[in-house]
Amino acid sequence: QVQLVESGGGLVQAGGSLRLSCAASGRTSNDYFMGWFRQAPGKEREFVAAITSGGSTNYADSVKGRFTISRDNAKNTVSLQMNSLKPEDTAVYYCAVRLKYGYDVKEYRAYGYWGQGTQVTVSS
């Protein structure tokens, strides 16, 4: 089992920045492929960004150029730096561990462990 705890969410004005962190504990592994998803009220959970154990990254088109995912394997953490935030970025953000490689990296079904989420609210 892997436990994931997100932090860093909050209320920010449009154009501002936030940095989310995800701390992993339990059966952690530097080989884990990690991802960030988000879910706005009334909408499906959507892919935001992912990072391989080697540091290769993948982003949703909607956040490309504004968000940066990174990881610190020594500390078992994954971070999401979010700049130039927009009201449409408002959502609960979740980090997750990819376990199922039969699904595309952008599909939530590819991920097996999830954190409890952290709320990000961007005001206009």
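Structure's up top.
**Student:** How should the pattern of salt bridges be read in this particular structure?
**Tutor:** Pairs can form between side chains of opposite charge once their charged atoms are near each other. Tallied over the entire structure, the rule returns five salt bridges. A salt bridge links K64 to D61, with the shortest nitrogen-to-oxygen separation between them at 3.1 Å. Residue classification places K64 among the partly exposed residues on the basis of a relative accessible area of 49%. Residue R66 is joined to D89 by a salt bridge in which the shortest nitrogen-to-oxygen separation is 2.8 Å. Residue R66 is found in the loop between β6 (57-59) and β7 (67-72), and its partner D89 is found in the loop between β8 (77-82) and β9 (91-98); the two are separated by 23 residues along the sequence. Of the two residues examined, R66 and D89, each falls in the buried class. One network of salt bridges, with partners in common, ties together R38, E46, R66 and D89.

**Student:** Looking at this structure, I do not really get the state of the cysteines. What am I missing?
**Tutor:** Disulfide: a covalent bond formed between the sulfur atoms of two cysteine residues. Within this structure, the stated rule accounts for one disulfide. Residue pairing for C22: its cysteine sulfur links by disulfide to C95, the two sulfurs lying 1.9 Å apart. Taking the sign of the torsion about the S-S bond as the criterion, the disulfide between C22 and C95, at about 55°, is right-handed. In this pair, C22 sits in strand β3 (residues 18-26) while C95 sits in strand β9, placing the two residues 73 residues apart along the sequence.

**Student:** Help me out: how do you make sense of the sheet that holds β7 in this one?
**Tutor:** Sheet strands pair by backbone hydrogen bonding; their relative direction is either parallel or antiparallel. Across the sheet, which stays open at both edges, the four strands sit in the order β1-β3-β8-β7 with antiparallel pairing between neighbours. The open sheet terminates on both sides in strands that have one partner only, identified here as β1 (2-7) and β7. Ignoring which end each strand starts from, the neighbouring axes of this sheet average 15° apart. Pairing of β3 with β8 involves six bridges; the strand directions are antiparallel. By the bridge assignment, L18 is partnered in β8 with M82.

**Student:** So what exactly am I meant to see when it comes to the packing of aromatic side chains here?
**Tutor:** Within a pair of aromatic rings, the relevant descriptors are the distance that separates the centres and the angle that separates the planes. The final tally for this structure, using the stated rule, is five aromatic pairs. For the ring pair F37 and W114, a centre distance of 5.2 Å and an interplane angle of 65° mean the geometry is edge-to-face. Of this pair, F37 sits in strand β4 (residues 33-39) while W114 sits in strand β10 (residues 111-114); the two residues are 77 residues apart in sequence, bridging distant segments of the chain. One aromatic cluster is present, built from ring pairs that chain together F37, F47, Y94, Y111 and W114. Taking the ring centre of Y94 as reference, the NZ or CZ of R45 above it sits at 3.9 Å. The ring of F33 has R98 sitting right over it, with the charged end atom 4.8 Å from the ring centre.

**Student:** What's the story with the side chain of R98 in this structure? I'm lost.
**Tutor:** The topology assignment puts R98 in strand β9. In terms of polar contacts, R98 uses its side chain to reach the backbone carbonyl oxygen of Y103, at 2.9 Å. Residues within four places of R98 in sequence aside, it is in contact with F33, Y103, D104, V105, A110 and Y111.

**Student:** Would you explain the side chain of D89 in this entry?
**Tutor:** Its relative accessible area of 1% is what places D89 among the buried residues. A polar side-chain atom of D89 sits 2.9 Å from a polar atom in the side chain of R38.

Reading the values: rules and limits
- Residues numbered from 1 in each chain as written.
- Predicted model: local features only at pLDDT ≥ 70, side-chain atom pairs only at ≥ 80, totals over all residues.
- Heavy atoms only, no water.
- Salt bridge = Lys/Arg side-chain N within 4 Å of Asp/Glu carboxyl O.
- Buried < 20%, exposed > 50% of the residue type's maximum accessible area, 1.4 Å probe, protein only.
- Helix = DSSP H or I, 4+ residues; strand = E, 2+ residues; numbered from the N terminus.
- Disulfide = S-S within 2.5 Å.
- Pairing = 2+ DSSP bridges.
- Axes fitted to C-alpha atoms, helices over the stretch in contact; angles between N-to-C directions.
- Phe/Tyr/Trp six-rings, centres within 6.5 Å; stacked < 30°, edge-to-face > 60°.
- Lys NZ or Arg CZ within 6 Å of the ring centre and 35° of its normal.
- Polar contact = N/O pair within 3.5 Å; in protein donor to acceptor, adjacent residues only side chain to side chain.
- Contact = heavy atoms within 4.5 Å.

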